[in-house]
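# What the coordinates show
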Amino acid sequence: MDVAAIAGLALATAALCALLRRYHNEYALLVSVGAGILIVLQMLSSLLPVVAEVNSLLSRAGAAAEYGEILFKVVGICFLAQFAGDACRDAGESALASRVELAARLAMTAAALPLFQQVADTALGLIGG
């Protein structure tokens, strides 16, 4: 990931948005969201080696592939909710941003339910239940 390029894009976008907000607030929001999408796409392209390494670590540890899927699903929900919440806050909709973050917390909990079930089964097995 080229952090310098991302930082440059973010600073240029912030300056452009500051100028646009004076005359057309809605265009500033669109430019900001567009730049955010470009930054996320740039980050996603550099995440492939990280995903491969995490999968390798999980397989060496003897963990089920399901755990890696849950991990990546929860991380994706986190990033998506943060991006959407920030975009809502930029638009002046902080209540809507809070609802997006609440929905993400619920989705992460639901995604992690198989892990909770595994922990409960392990605990019951240890105590003889």
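This report concerns the structure included in the present document. (Residues numbered from 1 in each chain as written. Predicted model: local features only at pLDDT ≥ 70, side-chain atom pairs only at ≥ 80, totals over all residues. Heavy atoms only, no water.)

### Re the overall build of the protein chain
So the rule is basically this: Secondary structure elements are taken from DSSP: a helix is a run of H or I of four residues or more, a strand is a run of E of two residues or more, and numbering for both begins at the N terminus. With a 1.4 Å probe rolled over the protein chains alone, any residue whose accessible area is under 20% of its type maximum counts as buried; one over 50% counts as exposed, and the rest are partly exposed. Should any heavy atoms of two residues lie within 4.5 Å, those residues are counted as being in contact. Each accessible area is a Shrake-Rupley estimate made with a 1.4 Å probe; only the visible protein chains count as cover when residues are assessed.
On a plain count of helices and strands, the protein chain comes out with six helices and zero strands. In the protein chain, the succession of α and β elements from N to C terminus is α-α-α-α-α-α. Residue burial in the protein chain is summarised as follows: out of 129 residues, 16% are buried. Of the contacts formed within the protein chain by residues at least 6 apart in sequence, a portion of 54% connects residues at least 24 apart. A total of about 8,900 Å² of accessible surface is found on the protein chain, and carbon and sulfur atoms cover 69% of it.

### Remarks on helix H4 (residues 65-90)
Convention followed: One fewer than the residue count of a helix, multiplied by 1.5 Å, yields its expected span.
An ideal rise of 1.5 Å per residue puts 38 Å on 26 residues; H4 measures up with 38 Å between its terminal C-alpha atoms. Every buried residue belonging to H4 is among Gly-68, Ile-70, Ile-77, Ala-81, Gly-85, Ala-87 and Cys-88, and all of these are buried. After H4 finishes, the residue Gly-92 shows a positive phi value of roughly 85°.

### Details of the packing of H4 against helix H6 (residues 113-127)
The test is simple: For helices, the axis comes from a line fit to the C-alpha atoms of the stretch in contact; other axes are also lines fit to C-alpha atoms, and the angle between any two N-to-C directions lies between 0 and 180 degrees. In this scheme, roughly parallel covers angles under 35 degrees and roughly antiparallel covers those over 145, while 65 to 115 is roughly perpendicular and the rest are oblique. Residue polarity follows a fixed list, in which Ala, Val, Leu, Ile, Met, Phe, Trp, Tyr, Cys and Pro are nonpolar, Asp, Glu, Lys and Arg are charged, and the others, Gly among them, are polar.
Axis separation between H4 and H6 bottoms out at 10 Å; the angle between their running directions is 135°. As far as their axial angle goes, H6 and H4 are oblique. Across the interface between the two elements, Glu-66, Tyr-67 and Ile-70 of H4 pack against Pro-114, Leu-115 and Gln-118 of H6. Split into classes, the residues belonging to the contact of H4 with H6 amount to four nonpolar, one polar and one charged.

### Looking at the layout of surface pockets
Let me state the cut-off plainly: Computed over the protein atoms alone on a 1 Å grid, cavities are sets of points where a 1.4 Å probe fits but cannot get out and pockets are open sets with protein on both sides within 12 Å along at least five of seven lines; a residue lines them when it has an atom within 4 Å of a point. Grid points are joined across faces, edges and corners, and a volume is the space filled by probe spheres set on the points.
Its boundaries defined by the atoms lining it, the largest pocket holds a volume of some 570 Å³. Along the wall of the largest pocket there are 23 residues; nearest its centre are Val-40, Met-43, Phe-79, Leu-80 and Phe-83. Elements represented by at least two residues in the lining of the largest pocket include exactly helix H2 (25-45), helix H3 (48-61) and H4. The dominant element in the lining of the largest pocket, judged by the number of residues it contributes, is H4, at eleven residues. In terms of residue class, the lining of the largest pocket is built from 17 nonpolar, four polar and two charged.

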